[in-house]
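Examination of the molecular architecture
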Amino acid sequence: MLEAIRLSDQELFLFLNGLHSHYWDQFMWIFTAKWPWVPMYAAILYVICKNMRPAVSLLTVIAIVLTIVYADQICATLIRPLVERMRPSNPNNSISEWVHLVNGKRGGRYGFPSCHAANSFGLAFFVMLLFKNKILTLFILGWAAVNSYSRIYIGVHYPGDLFVGMLVGLSGAVLMYKLYRYALRRFVRNDLHPRLPMRQWQAIVLTGCITTLLIALYPVFRP
């Protein structure tokens, strides 16, 4: 059963990784990086501070940071050393010769589960729970999905790596959100609780859409 799942995961990876072009190489290479999304992260921080009192804003930011730290460490420190599943891009992997790499990137030795997917979905699910807005939820989950898929595209993760990473991110978001709400009830006065639904959430979607548009245009105008 496990072998059948592994082979199916490998076949799906090779199919998806094989769907590439020069344009999408450049698009996915930028999309998967961390620095282009700094403005969107700043927009999230802005909306949090705009809607909440300082004490709650600080607690919210701590909860988000802990969600990402939890997701990253569960994947990188706990699961990866136990499972030791080589990345498809690893030269010691028998399928590496068929893998389409972007800019020669191979990543580390092991890739199960994906820290990239865990961190992206951890942030996305926490934002979903915090803001409770349908449009923002669709956008942020879509962003996390494309961000995760980019790891297949550039050749460093199997689909299964991303799926389990998403589950780790979800568990971190739910756990930290529950602890966050408990801390609000326990340590923060009622009049300092965040006002829901949160306002100015459009700034996050707008910033994310503009960033995506700039990433999409970059390969067109790049010499």
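See the structure printed just above.
All figures in this text were calculated on a predicted structure; none of them were measured in a lab. (Residues numbered from 1 in each chain as written. Predicted model: local features only at pLDDT ≥ 70, side-chain atom pairs only at ≥ 80, totals over all residues. Heavy atoms only, no water.)

1. Concerning the environment of Pro 88
Put simply, the rule reads: For helices the rule is a DSSP run of H or I covering at least 4 residues; for strands it is a run of E covering at least 2, with both sets numbered from the N terminus onward. For every residue, the accessible area (1.4 Å probe, protein chains only) is compared with the maximum for its type, and the residue is labelled buried under 20%, exposed over 50%, or partly exposed between those bounds. Residues count as neighbours in contact if any of their non-hydrogen atoms are within 4.5 Å of one another.
Relative to the assigned elements, Pro 88 resides in the loop between α4 (54–83) and α5 (115–131). For Pro 88, a relative accessible area of 0% gives the class buried. Along the chain, Pro 88 and Tyr 110 lie 22 residues apart, while their C-alpha atoms are 9.1 Å from each other. When near neighbours in sequence (up to four residues on either side) are disregarded, Pro 88 contacts Phe 13, Asn 93, Ile 95, Ser 96, Val 99, Gly 155, Val 156, His 157 and Tyr 158.

2. Quick word on helix α6 (residues 134–153)
Heads up, the condition is: For a helix, the expected span equals 1.5 Å multiplied by the residue count minus one. Side-chain atoms alone can form a polar contact between residues adjacent in sequence; in general such a contact is a pair of N or O atoms within 3.5 Å, and within protein one must be able to donate a hydrogen while the other accepts it.
Its 20 residues give α6 an end-to-end C-alpha distance of 28 Å, which sits within 8% of 28 Å, the value for a rise of 1.5 Å per residue. Along α6, the positions that sit buried rather than exposed are Leu 136, Thr 137, Phe 139, Ile 140, Trp 143, Ala 144, Asn 147, Ser 148, Ser 150, Arg 151, Ile 152 and Tyr 153. In this structure, the buried residues of α6 make contact with α1 (2–17), α2 (22–31), α3 (38–51), α5, α7 (159–187) and α8 (202–221). The N-terminus of α6 is capped by Asn 133, whose side-chain oxygen sits 3.1 Å from the backbone nitrogen of Ile 135. Note on α6: the residue one or two positions beyond its end, Gly 155, has a positive phi of about 95 degrees.

3. Section: the environment of Asp 25
Locating Asp 25 in the fold gives a position in helix α2. Overall, Asp 25 belongs to the buried group, its relative accessible area being 16%. Linking Asp 25 and Val 102, residues 77 residues apart in sequence, is a C-alpha distance of 6.2 Å. The contact partners of Asp 25, leaving out residues within four places of it in the chain, are His 20, His 100, Val 102 and Tyr 153. Of the polar contacts made by the side chain of Asp 25, one reaches the side chain of Tyr 153; its length is 2.6 Å.

4. Some details on the packing of aromatic side chains
In plain terms, the rule: Stacked, tilted and edge-to-face are the three classes applied to pairs of Phe, Tyr and Trp rings, where Trp contributes its six-membered ring and a pair requires centres within 6.5 Å; stacked means planes under 30 degrees apart, edge-to-face means over 60, and tilted covers the rest. Whether a charge sits over a ring depends on NZ of Lys or CZ of Arg being within 6 Å of the ring centre and within 35 degrees of the ring normal.
Counting across every chain of the model gives twelve aromatic pairs. Ring centres 6.4 Å apart and planes at 80 degrees place the aromatic pair Tyr 41 and Trp 143 in the edge-to-face group. In this pair, Tyr 41 sits in helix α3 while Trp 143 sits in helix α6, placing the two residues 102 residues apart along the sequence. Exposure remark for Trp 143: the relative accessible area of 4% places this residue in the buried category. Three or more aromatic residues link up through ring pairs in this structure, and these residues are Tyr 23, Trp 24, Phe 27, Phe 31, Trp 37, Tyr 41 and Trp 143. The side chain of Arg 85 reaches across the aromatic face of Tyr 158, ending 3.9 Å from its centre.

None of the figures reported here should be taken as evidence of function without further support.
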